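Chain residues, written in single-letter form:
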Amino acid sequence: RGKRAFIAGVADDNGYGWAIAKSLAAAGAEILVGTWVPALNIFENSLRRGKFDESRVLPDGSLMEISKIYPLDAVYDNPEDTPEDVKSNKRYAGSSKWTVQEVAESVKQDFGSIDILVHSLANGPEVSKPLLETSRNGYLAALSASSYSFISLLKHFIPIMNPGGATISLTYMASERIIPGYGGGMSSAKAALESDTHVLAFEAGRKHKVRVNTISAGPLRSRAAKAIGFIDMMIDYSLQNAPLQKDLSAEEVGNTAAFLASPLASAITGAVVYVDNGLNAMGVGV
Ligand code: NAI
């Protein structure tokens, strides 16, 4: 039987989540996605109207199929812990069962189990503020959306993951080196995500034979990255300074995710894998 993947954090065809879905589909996996509730309508309509058809083309010429799109807000674990004003917000009221626990239950009901879990989402409301000017709420919101969201997804999906399954998240070098402009606690959130990758690899490996890895990706002009505001500078910097002076394509990250999710990577867990044209290895810019 082919493998089944749930990819959280796909709302258009520009980001890493979409590219990972395509690489997994090309390798024969069935694709389920979790889409942020406020972005759901536009994503579903665009998909239906054929706006993504060109980017759905797989290497064999067929179009990537998404078996089901689930509304998801990974900041909320279950209905009991979700504030009333969010539930009644008109962007949320039109969808149901979008907390992490409910999405995992729905996937279980619809498909029984999954083999691959991908976390490709982040959010930091104060990302444009330096860390020194970040509020407590902004900092905690960045950690909640970008780091705890992975713990919550793993916790709720692991009971329906087949042994030998794999999970992957996306991180950024700003966790370990100073990248001015990646503020609001987002650098802290990525540091937590990487540290948690180690601890969760141990716990999920022992408990369920599930692997946990994270990809430290180079800069990509995604919707989220454009919102931060310095993405073109980061792409230029990488072209100037990285060992490989070429564009980084989302597909290169997608292919690495497909490898990490496959039996070819059966002994790799707890790893931070750099897919950044080697930029992380440089000590100084030249
Ligand atoms: P993207 O905009 O394609 O993906 C981010 C997704 O997160 C969006 O679909 C958004 O709707 C979703 N999202 C935000 N808050 C959410 C929530 N509470 N619940 C559910 N979904 C939520 O952008 P991108 O850049 O592809 O981001 C994917 C991952 O890659 C993120 O973890 C990001 O930090 C990471 N990354 C991105 C880099 C870049 O240069 N674009 C570099 C290194 C890592």
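This report concerns the structure included in the present document. (Residues numbered from 1 in each chain as written. Predicted model: local features only at pLDDT ≥ 70, side-chain atom pairs only at ≥ 80, totals over all residues. Heavy atoms only, no water.)

Brief notes about the pairing of strand β2 (residues 30-36)
For β2, the buried fraction is high: five of the seven residues fall into the buried class. Here five bridges tie strand β1 (residues 4-8) to β2, and the two strands are oriented parallel to one another. Bridge assignment links Ala5 to a residue of β2, and that residue is Ile31. Viewed along the sheet, the connection from β1 through helix α1 (residues 16-26) into β2 turns out right-handed. (Buried < 20%, exposed > 50% of the residue type's maximum accessible area, 1.4 Å probe, protein only. Helix = DSSP H or I, 4+ residues; strand = E, 2+ residues; numbered from the N terminus. Pairing = 2+ DSSP bridges. Right-handed = clockwise from strand over helix to strand, strands pointing away.)

Points about the packing of aromatic side chains
Under the definition given, this model contains seven aromatic pairs. Ring geometry for Phe6 and Phe157: centres 4.8 Å apart, planes at 25°, overall stacked. Of the two residues, Phe6 sits in strand β1 while Phe157 sits in helix α6 (residues 136-157), which places them 151 residues apart along the sequence. Among the aromatic residues, ring-to-ring pairing joins Phe6, Tyr70 and Phe157 into one connected group. (Phe/Tyr/Trp six-rings, centres within 6.5 Å; stacked < 30°, edge-to-face > 60°.)

Some words on the pattern of salt bridges
Within this structure, the stated rule accounts for eight salt bridges. Across the pair Arg4 and Glu30 runs a salt bridge, and its minimum N-O distance is 3.0 Å. In this pair, Arg4 sits in strand β1 while Glu30 sits in strand β2, placing the two residues 26 residues apart along the sequence. The salt bridge partner of Glu252 is Lys246, with a shortest N-O separation of 2.7 Å. Note on Glu252: relative accessible area 29%, which makes it partly exposed. (Salt bridge = Lys/Arg side-chain N within 4 Å of Asp/Glu carboxyl O.)

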